[in-house]
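# Summary of the model geometry
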Amino acid sequence: MPASARLFDSRSPSRSAIGEDESVPKPVTQRADQSGGVPSEPTQNDRLINQLRKRKHDAVHRGGEPEHMQRRKGKLTARERIRRLLDADSFTELDTFVVHRSDQFDMAERRVAGDGVVTGFGEIGGRRVFVFSHDASFMGGSLGEAFAEKVVKVMELAERTGCPLIGINDSAGARIQEGVVSLAGYADIFFRNVRCSGVVPQLSIIAGPCTGGAVYSPAITDFTFMVKGVGYMFITGPEVVRVTTGEQVDFEQLGGADIHSVRSGVAHFEAADEDEAFRQVRELLSFLPQNSNQTPPRVQTEDPVGRADLELQEIIPANEREPYEMREVIRRVVDDGHFLEIQPLFAPNLLIGLARLDGVSVGVVANQPKHLAGALDIDASVKGARFVRFCDAFNIPLITLVDVPGFLPGTDQEYRGIIRHGAKLLYAFAEATVPKLTVITRKAYGGAYDVMCSKHLGADYNVAWPTAEIAVMGAEGAARFLGPRGAGEPKASLISAYREQFANPYHAAERGYIDDIIEPRQTRPLLIRALHMAETKRVERPTRRHGNIPL
């Protein structure tokens, strides 16, 4: 190493990464004479380089009480988060020395290098990603003009280079001291979120408070990860709610991870701590392509392509009203039984997630008979539609497993707009141009049969198990309409006749509405064949600006 490089080696391990103080090494005031003589004074260039190293060290290792307070709250610092998320030694920081330009409300005395956000690029699993991490140790991670400019820069780089974008959110919202400039900064970020949407994957980690305008950027991104106990999202905080409505509510009840994972559907993944959230992000990215012009990486698997699973032959109960676990069907079909479920706690009557077939990433959409008998309601429709559109945007084929008795009936659903929301799922499947493969395991009734990626919505390969029932409605319900008016309970003979004629897959097969009726044990090998068949699928869409999905 040259003598000048030894003046201040910023590559030395940083103890501050684990919460210890790191003293600044003193600069060397002399340099060795190349001829081996008496050491000479440092040159002007040495002094400038030394100054750079010291200033960069001071910017990166600020430490002090603000960072200690962050740790006392059970949270990592902004740079610790990046280091734990990315591959070791892969992070390149940008805009380290940026500071805000405001001089209002004593802000001129409160300038810190970085201005409350760390930005740059690195690698996850050897693939490049761009990242920004809010630094809540400076002004609560509030967003000002310079802060926003840093975030916008990495967003634009992610779009131009075709790489995923990850935001680690821990922000009190807009910086009040900078007024409308902060609001403009948020709008600049939102605009880039929309530009990147469907171009590169966008992921948001909520590792602290995320309030006011700060919540809308994560809402636009593709997936949101929330850390329990420290991550919160809400438009207005508990105190504002109390003053305006009189409602007493705390942070967790208003916008904690459980609320958004179970009730609102805002969160896609819930983590016990930050390290678990980072593991979830890394796993999700392993299924995704870098951008919309690429296909997801193919992964080698030891799971045989032709593996037949005899357990699937008996997985459907003899009693048509008895539920079964659709997750078990999925695990028995996909590679190595690995299914990364998304939003498992929200609208559990519909399962969505990512898996692989013969090493190829696939998106899975499946009715869950164990919840609401697998019926589609408002939340399930919205959940499924958003996921289908994500998969279509990023070249991920869709596998749909159907056991649906229809749409959930009732005034609550009708008043809240099940017609409009249910149409979202229909629209998403019809719009999707990726390979679409559908397996009907049991019930496929009424309009829900159409919506769940039927052949009529452009699916490429539709099959049914012999246990499938494809009909307008169940046999008992149909018999009530078909029998004499006022006759009371329908006759068993009429129910039996309807079931024999319509409540089976053969009538649909005769019409060509399904491509085949298969033994359940052959589901995996046949889906893999169909997936390879559809790899070269090409769809020409009509020329238009965009469709008008019923939002």
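Everything discussed here concerns the structure shown above.
All told, the structure shown has nine aromatic pairs when counted by the stated rule. When the centroid spacing of 5.9 Å and the interplanar angle of 15° are considered together, the rings of Tyr186 and Phe190 count as stacked. Taken together, the positions of Tyr186 and Phe190, both in helix H5 (residues 180-196) and four residues apart, correspond to about one turn of that helix. For Tyr186, a relative accessible area of 7% corresponds to the buried category. Members of the aromatic cluster, joined through ring pairs, are Phe223, Phe225, Phe269, Phe390 and Phe394.

Turning our eyes to something else, we now look at the packing of helix H3 (residues 78-85) against helix H10 (residues 274-287). Two numbers describe how H3 lies on H10: the axes approach to 9 Å, and their chain directions differ by 45°. Here H3 is positioned oblique relative to H10, judged by the angle of their axes. With respect to the hand of their crossing, H3 and H10 are arranged in right-handed fashion. Taken together, the residues of H10 that come into contact with H3 (itself represented by Arg81, Arg84 and Leu85) are Glu274, Asp275, Phe278, Val281 and Arg282.

We now examine the nonpolar core. With 66 residues, the main nonpolar core has Leu85, Ile166, Ile205, Leu284, Leu376 and Ile440 as its most contacted residues. Contacts of Leu284, omitting those with residues within four sequence positions, involve Leu203, Phe223, Phe225, Phe269, Leu340 and Leu354.

A cluster of nonpolar side chains, Val180, Val181 and Leu183, forms an exposed patch at the surface whose accessible area comes to about 270 Å². Tracing the backbone shows Val181 in helix H5. On the accessibility criterion, Val181 (32% relative accessible area) is partly exposed.

With that out of the way, let us pick up the pattern of salt bridges. Overall, the coordinates contain 31 salt bridges when judged by the stated rule. The salt bridge involving Arg298 is made with Asp358; its shortest N-O contact spans 2.9 Å. Here the residue Arg298 occupies a position in the loop between H10 and helix H11 (326-333), and Asp358 occupies one in the loop between strand E10 (350-357) and strand E11 (360-367), the gap between them amounting to 60 residues. Where Asp392 meets Arg541, a salt bridge forms, and the shortest distance between an N and an O atom there is 2.9 Å. A residue pair is termed long-range when its members are at least 10 positions apart, and Asp392 in helix H12 (residues 378-393) and Arg541 in the segment after helix H19 (523-533) qualify at 149 residues. Put simply, Asp303, Arg307, Asp309, Glu328, Arg332, Asp335 and Arg524 are held in one network by salt bridges that share partners.

About the criteria used
- Residues numbered from 1 in each chain as written.
- Predicted model: local features only at pLDDT ≥ 70, side-chain atom pairs only at ≥ 80, totals over all residues.
- Heavy atoms only, no water.
- Phe/Tyr/Trp six-rings, centres within 6.5 Å; stacked < 30°, edge-to-face > 60°.
- Helix = DSSP H or I, 4+ residues; strand = E, 2+ residues; numbered from the N terminus.
- Buried < 20%, exposed > 50% of the residue type's maximum accessible area, 1.4 Å probe, protein only.
- Axes fitted to C-alpha atoms, helices over the stretch in contact; angles between N-to-C directions.
- Parallel < 35°, antiparallel > 145°, perpendicular 65-115°, else oblique.
- Left-handed = near helix turned anticlockwise from the far one by under 90°.
- Contact = heavy atoms within 4.5 Å.
- Core = buried A, V, L, I, M, F, W, Y, C linked by side-chain atoms within 4.5 Å.
- Patch = residues over 30% accessible without salt bridge, like charges linked within 9 Å, V, L, I, M, F, W, Y side chains within 5 Å.
- Areas by Shrake-Rupley, 256 points an atom, 1.4 Å probe, with all protein chains shown as cover.
- Salt bridge = Lys/Arg side-chain N within 4 Å of Asp/Glu carboxyl O.

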